[in-house]
Amino acid sequence: MSSAAPGIIRHFLNREELFMYDREASYPLEDTRNEARIEFTEKGMQHLSSRRCEIIKISKSSALIGILTQFQLPENFYLDIPSARIPLIGCLLKRVHSNNIIEARFLRLLSDRDLNRIFVYSTHPNHRNRTLDIYR
């Protein structure tokens, strides 16, 4: 094995880590309208700052989030959906659009139960007749 081989392997692994989330199976985004909060730490401080937002589209693995004002969002943050009682979903920032829409990837997949709960409390007309199944 030559001395250049470890450098090539290290470079390959770094590239794999960068595109890890792009290679996962993506789930289709569904329209929704839920009030939520983005929570994050500012400048490495211990306290959490929070900003109000609205979830526009959501799937098991990602979401499109609309914010009212433009602010500097860190790469990692939490998404809190109080109406559906889903606390602190870990997120990675994928992209920020110029019209204050954020694309975020969840650190874990949402369960079908959590996704259904989000749709029950949505104000979007597509989810008007959804009901909460309390026996699951």
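Below or above, wherever it landed, is the structure these notes cover.

1. Regarding the sheet that holds strand E1 (residues 30-41)
Logical step 1: Strand order around the closed barrel formed by six strands is E1-E2-E3-E6-E5-E4, with antiparallel pairing between neighbours. The average angle at which neighbouring strand axes cross in this sheet is 45°, direction not considered.
Logical step 2: Here 10 bridges tie E1 to strand E2 (residues 48-58), and the two strands are oriented antiparallel to one another. Across the sheet, Thr-41 pairs through a bridge with Leu-48, a residue of E2.
Logical step 3: Of the strands in this sheet, E1, E2, strand E4 (76-81) and strand E5 (86-96) are in contact with helix H3 (residues 112-120), which crosses E1 at around 105°.

2. Topic: the environment of Gln-72
Logical step 1: Note that Gln-72 resides in the loop between strand E3 (62-67) and E4.
Logical step 2: The exposure class assigned to Gln-72 is exposed, which follows from its relative accessible area of 73%.
Logical step 3: Placed 24 residues apart in sequence, Gln-72 and Val-96 show a C-alpha to C-alpha distance of 10.0 Å.

3. What about the pattern of salt bridges?
Logical step 1: Using the criterion set out here, one finds six salt bridges in the structure.
Logical step 2: Across the salt bridge formed by Lys-57 and Asp-31, the nearest N and O atoms sit 3.4 Å from each other. Of the two residues, Lys-57 sits in strand E2 while Asp-31 sits in strand E1, which places them 26 residues apart along the sequence.
Logical step 3: Note on Asp-31: relative accessible area 30%, which makes it partly exposed.
Logical step 4: The closest approach of N and O atoms between Arg-37 and Asp-80, which form a salt bridge, is 2.4 Å. Of this pair, Arg-37 sits in strand E1 while Asp-80 sits in strand E4, and the two are 43 residues apart along the sequence.
Logical step 5: With a relative accessible area of 31%, Arg-37 lands in the partly exposed category.
Logical step 6: Using a relative accessible area of 9% as the deciding quantity, one classes Asp-80 as buried.
Logical step 7: When salt bridges that share partners are traced, they join Arg-37, Glu-39 and Asp-80 into one network.

4. Thoughts on the nonpolar core
Logical step 1: Of all hydrophobic cores here, the largest spans 26 residues; its most connected members are Ile-38, Ile-58, Ile-65, Phe-77, Leu-79 and Ile-81.
Logical step 2: For this core, the secondary structure elements donating two or more residues are E1, E2, E3, E4, E5, strand E6 (101-106) and H3.
Logical step 3: For this core, the element with the most residues is E5, which contributes four residues.
Logical step 4: Excluding residues within four positions of it along the chain, Phe-77 makes contact with Ile-38, Glu-39, Phe-40, Ile-65, Ile-89, Gly-90, Cys-91, Leu-92, Leu-93 and Ala-104.

5. Some words on the environment of Phe-71
Logical step 1: Its place among the elements puts Phe-71 in the loop between E3 and E4.
Logical step 2: Sequence separation between Phe-71 and Asn-100 is 29 residues; the distance between their C-alpha atoms is 9.1 Å.
Logical step 3: Not counting the four nearest positions on each side in its chain, Phe-71 is found in contact with Phe-40 and Arg-51.

Rules behind the numbers
- Residues numbered from 1 in each chain as written.
- Predicted model: local features only at pLDDT ≥ 70, side-chain atom pairs only at ≥ 80, totals over all residues.
- Heavy atoms only, no water.
- Pairing = 2+ DSSP bridges.
- Helix = DSSP H or I, 4+ residues; strand = E, 2+ residues; numbered from the N terminus.
- Axes fitted to C-alpha atoms, helices over the stretch in contact; angles between N-to-C directions.
- Contact = heavy atoms within 4.5 Å.
- Buried < 20%, exposed > 50% of the residue type's maximum accessible area, 1.4 Å probe, protein only.
- Salt bridge = Lys/Arg side-chain N within 4 Å of Asp/Glu carboxyl O.
- Core = buried A, V, L, I, M, F, W, Y, C linked by side-chain atoms within 4.5 Å.

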